[in-house]
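An overview of the molecular structure
Chain by chain, the residues run as shown.
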Amino acid sequence: APTTSPFPECWFEDEESGLPLRWQLFVGVLYDLMKGRLIANNAGSPCNQFRNLPWKIRIHFTLYPTDQLLPLDITVSPQQHVSE
C-alpha cells in the first residue's frame, strides 16, 4: 500500500486539451503524443512546427484523476510501475 507523504499528490495537465499527462512516460514521448498530430498536419511549413512552444502545462494539487492515471507511489520507481 502507498505510504502517506507530507507532500500533496500532484499531477500535470496539457492546458490546450485538458488531458492529464501520464507521469510514467518521458516528457518527449508525452509531447509527441499530445502535439504530434498538430505538427504532422503542418509538416509543409517548418515555422508552424514551433508555434506550439512553449508547451503549456498546468499543475494540480487536488482531484487526482485515478481513473486516468496510475497512482503515484513515491516509494516505487516509475520503472517498477511499468513492469507491474
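The structure contained in this document is the topic of the report that follows. From a predicted model like this one, the values you see are computed outputs, not experimental measurements. (Residues numbered from 1 in each chain as written. Predicted model: local features only at pLDDT ≥ 70, side-chain atom pairs only at ≥ 80, totals over all residues. Heavy atoms only, no water.)

Focus: the overall build of the protein
- Looking only at helices and strands, the protein has two helices and two strands in total.
- Along the protein, helices and strands appear, N-terminal first, in the series β-α-β-α.
- For the protein, with 84 residues in total, the buried portion stands at 20%.
- Taking contacts inside the protein between residues at least 6 apart in sequence as the whole, the part at least 24 apart equals 59%.
- Here the protein has roughly 6,300 Å² of accessible surface; of this, 61% comes from carbon and sulfur atoms. (Helix = DSSP H or I, 4+ residues; strand = E, 2+ residues; numbered from the N terminus. Buried < 20%, exposed > 50% of the residue type's maximum accessible area, 1.4 Å probe, protein only. Contact = heavy atoms within 4.5 Å. Areas by Shrake-Rupley, 256 points an atom, 1.4 Å probe, with all protein chains shown as cover.)

A short note on a nonpolar patch on the surface
- Together, Phe-12, Ile-57, Ile-59 and Phe-61 give the surface a local cluster of nonpolar side chains, amounting to about 350 Å² of exposed area.
- Structurally, the position occupied by Ile-59 is in strand E2 (residues 57-60).
- By relative accessible area, which is 40% here, Ile-59 ends up partly exposed. (Patch = residues over 30% accessible without salt bridge, like charges linked within 9 Å, V, L, I, M, F, W, Y side chains within 5 Å. Salt bridge = Lys/Arg side-chain N within 4 Å of Asp/Glu carboxyl O.)

With respect to the environment of Thr-62
- Checked against the element boundaries, Thr-62 lands in the loop between E2 and helix H2 (78-83).
- Sequence separation of Thr-62 and Trp-11 is 51 residues, and the distance between their C-alpha atoms is 8.4 Å.
- Apart from the residues within four sequence positions on either side, Thr-62 is in contact with Glu-9 and Trp-11.

Structural notes on the packing of aromatic side chains
- Within the structure shown, the criterion is met by one aromatic pair.
- Measuring from ring centre to ring centre gives 5.3 Å for Tyr-31 and Trp-55, while their planes differ by 80°; the resulting arrangement is edge-to-face. A residue pair is termed long-range when its members are at least 10 positions apart, and Tyr-31 in helix H1 (residues 27-41) and Trp-55 in the loop between H1 and E2 qualify at 24 residues. In terms of burial, Tyr-31 and Trp-55 fall into one category: buried. (Phe/Tyr/Trp six-rings, centres within 6.5 Å; stacked < 30°, edge-to-face > 60°.)

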